[in-house]
Structure formats: structure tokens, C-alpha cells
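Architecture and fold: a report
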Amino acid sequence: MGEQSQQKRRTTKNVTGVTGDAEPQPLLMHPSTTGKIGSESQTTGYAVDEGIMTEPQRPVNSVVRYDNQPVPYMQRVTGSQPTSAAIPPRRQGQGTRKLPRPTRTLEKPVPHPKKNVHWLLPLGVGMLAMLALWLIGSSVLAWGNQRLNDIRYGNPRTYQTDAVVGHGDSGAHPSHFIAVNLNRQAIVIEFKGGDPAKSVSYVAPVYIAGDGGNLAPVTVEFKDVNGDGKPDMIIHIHLPSQDQLSVFINDGNGFRPANANDKINLDSK
């Protein structure tokens, strides 16, 4: 038994090079994977000492360090930044629901008391309406008369007639008279016996004033107004408001303006 024990120790010493009791044999590196003696393995990171790969010593430390661990992102919340509230997901696939329409109750209108209108109000409105109609009608009538005078007398207003007045004329050759409103002045031209060489003009001693006086027609009329049996000449100036008259007395050779000594009766024939 003693010899067998010695042989084991020798065998162990030959293998490990250490005397003593037999210990677990360390891992041996294959010659093809090992480098120089004492260098660090390129593949496993274990130290190799005299062909024996040993595990590197680890520092004795009871604290686990997490220096290389990723730090989770923490959002910094300040007082100026509002916190976002969680928005609930929107429900889909549901149709809109119609709400019932509220019913309206129709209220009966409250009858208002009728106000009594004074009788002067409709009377005043009617009078104003009649005044407006009268003004409009007068304007239309005046406009129509002017257009009619344009057709009948022309512009300037001119009137012509023949008459036997005893100035060298006769029924076969009456005298010719032309009455003209020339610049608000009534002028009558007489051609005795129809002869232009025996022409005489008479100017009425009346200035045609007023609105539209230059468009007033001028006409002549012949009748005995003083009772001497000779036809006298009456000049009519037709104004929109009234007619103006100018009387000329026949003296047997021509006409002269009437004076205060002449007894004139315009109603005589």
C-alpha cells in the first residue's frame, strides 16, 4: 500500500510539477491554439502560464456596478410645460345618433289695442297728395303746351293772317300781317294790300316778362273797339298764366297805339 501511494505521488508530481496531494488538473491548451508562454489568449481571454491556461483573477467586490447600463429617458416636467393628458381612443364604427327635436309650443299673439287716429291726419295726407298731383299735372300740362306751340308757331313764335282793314287793300288783295315774339318783344309787320314794298311794323308797348316769356305766342285780331266803323288791331300775347292785350287804333292810313281819350270797348264785335 505504501509503495502504491508513493507511485501515485510521483505520477502526480511528474504531471503537475508540484508535490503534495493530487489536485484537480487544470485545463491544458492545445499547442496549436496557444501563443507565447505568459501571453494572453487571443480567443478565450485566459492567461497561459507554462502551457497551462488559468482563469484571470477577478476583483473581490460585493457591489454590482451598472456604469455601462443604458439610462432610461426621463422627461423633465416643469411648471411652464403643461402635462399632456391621456386622450381616450376614438370609437369608430358607430353611427351618429339623432336626437329628438324639441317641440315648440306656439304662443298665441297678444292682441294690441287699436290706436285711434285723429281725423286731421288722413285729411292732411290727402291734401298733400292732391298738392303733389296738382304740381305734377301742371308741369306736364305746361310741357305739353310748349310742345304744341312748337308745332303751331315754331321758334321764335310766329303768327300770320290776312285781313281787309282799308289801307289800300280789298277782298282780292287783302293786307298781310305777321306777328312775331322776338326776344320777349311783340312785333307786328303789315304788308298793305299784300305789297312787300308797303310794309309797316308796329311794336307793342309791353315787355313779355315771366318764365317762358320768350316762348309766348303772339297773335292779332281785328275788330272795331271805339265805334268809328274801322277795324282796329288787338295784339294778344299768350302767356302760361294769362293773356296780355295791346290795342292799336285804325286811323284810316295805319295803326297807332291807343290812349286815354279813346273809348275802347273790347266786348264789341
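Residues numbered from 1 in each chain as written. Predicted model: local features only at pLDDT ≥ 70, side-chain atom pairs only at ≥ 80, totals over all residues. Heavy atoms only, no water.

Focus: the pairing of strand 5 (residues 185–191)
- For strand 4 (residues 175–181) and strand 5, the ladder comprises 6 bridges, and the chain directions are antiparallel. Paired with His 176 across the two strands is Phe 191, which belongs to strand 5.
- Linking strand 4 back to strand 5 in an antiparallel pair, the connection comprises 3 residues, with Asn 183 at a positive phi of about 55 degrees. (Pairing = 2+ DSSP bridges. Helix = DSSP H or I, 4+ residues; strand = E, 2+ residues; numbered from the N terminus.)

Considerations on the sheet that holds strand 7 (residues 218–223)
- Taken in spatial order, the 4 strands of this open sheet run 7-8-9-10, and their pairing is antiparallel. Sheet topology places strand 7 and strand 10 (255–257) at the edges, where each strand pairs with a single neighbour. Each adjacent strand pair in this sheet contributes to an overall mean axis angle of 30 degrees, direction not counted.
- The pairing of strand 7 with strand 8 (residues 232–238) spans 6 bridges and is antiparallel. By the bridge assignment for strand 8, Glu 221 is matched with Ile 234. (Axes fitted to C-alpha atoms, helices over the stretch in contact; angles between N-to-C directions.)

Quick word on unusual backbone geometry
- Following Asn 155, the chain continues into Pro 156 via a peptide bond in cis, with omega recorded as 5 degrees.
- Looking at the element boundaries, Pro 156 is found in the loop between helix 2 (120–153) and strand 3 (158–163).
- For Asn 183, which is not glycine, the phi torsion reads 55 degrees and is therefore positive.
- Note on placement: Asn 183 falls in the loop between strand 4 and strand 5.
- The exposed category is assigned to Asn 183, whose relative accessible area is 66%.
- Here Arg 184, not a glycine, exhibits a phi torsion of approximately 65 degrees, which is positive.
- Mapped onto the fold, Arg 184 is located in the loop between strand 4 and strand 5.
- Given a relative accessible area of 22%, Arg 184 falls into the partly exposed group. (Buried < 20%, exposed > 50% of the residue type's maximum accessible area, 1.4 Å probe, protein only.)

Points about the nonpolar core
- Grouped together as the largest cluster of nonpolar side chains are 18 residues, with contacts concentrated most on Phe 177, Val 188, Val 218, Met 233, Ile 235, Ile 237 and Phe 255.
- Within the residue set of this core, elements represented by two or more residues are strand 4, strand 5, strand 6 (199–207), strand 7 and strand 8. (Core = buried A, V, L, I, M, F, W, Y, C linked by side-chain atoms within 4.5 Å.)

So, the pattern of salt bridges
- The final tally for this structure, using the stated rule, is 3 salt bridges.
- Across the salt bridge formed by Arg 157 and Asp 150, the nearest N and O atoms sit 2.9 Å from each other.
- Taking relative accessible area as the criterion, Arg 157 reaches 0% and is therefore assigned buried.
- Overall, Asp 150 belongs to the partly exposed group, its relative accessible area being 30%.
- Sharing partners across several salt bridges, the network here consists of Arg 147, Asp 150 and Arg 157. (Salt bridge = Lys/Arg side-chain N within 4 Å of Asp/Glu carboxyl O.)

Here we look at helix 2
- Along its 34 residues, helix 2 runs 48 Å from first to last C-alpha, staying within 8% of the 50 Å computed at 1.5 Å per residue.
- Along its buried surface, helix 2 packs onto strand 3 and strand 7.
- One or two residues past the end of helix 2 sits Gly 154, with phi positive at roughly 75 degrees. (Expected span 1.5 Å × (residues − 1). Contact = heavy atoms within 4.5 Å.)

Observations regarding the environment of Lys 192
- Within the fold, Lys 192 resides in the loop between strand 5 and strand 6.
- Sequence spacing of Lys 192 and Val 164 is 28 residues, and the spatial spacing of their C-alpha atoms is 9.2 Å.
- For Lys 192, the contacting residues outside a window of four places in its chain are His 167, Ser 175, Lys 198, Val 200 and Asn 253.
- For Lys 192, the side chain forms a polar contact with the main-chain oxygen of Asn 253, separated by 2.8 Å. (Polar contact = N/O pair within 3.5 Å; in protein donor to acceptor, adjacent residues only side chain to side chain.)

Examining a nonpolar patch on the surface
- Residues Trp 119, Leu 120, Leu 123 and Met 127 make up a contiguous nonpolar surface patch of roughly 460 Å² in combined accessible area.
- Turning to its location among the elements, Trp 119 is positioned in the loop between strand 2 (52–54) and helix 2.
- In this structure Trp 119 comes out as exposed when scored by relative accessible area, which is 59%. (Patch = residues over 30% accessible without salt bridge, like charges linked within 9 Å, V, L, I, M, F, W, Y side chains within 5 Å. Areas by Shrake-Rupley, 256 points an atom, 1.4 Å probe, with all protein chains shown as cover.)

Concerning the packing of aromatic side chains
- A complete count under the given rule lists 5 aromatic pairs for this structure.
- A centroid spacing of 6.4 Å and a plane angle of 65 degrees characterise the contact between Phe 177 and Phe 255, whose relative ring orientation is edge-to-face. Residue Phe 177 is found in strand 4, and its partner Phe 255 is found in strand 10; the two are separated by 78 residues along the sequence.
- With a relative accessible area of 0%, Phe 177 lands in the buried category.
- The class of Phe 255 is buried, set by a relative accessible area of 8%. (Phe/Tyr/Trp six-rings, centres within 6.5 Å; stacked < 30°, edge-to-face > 60°.)

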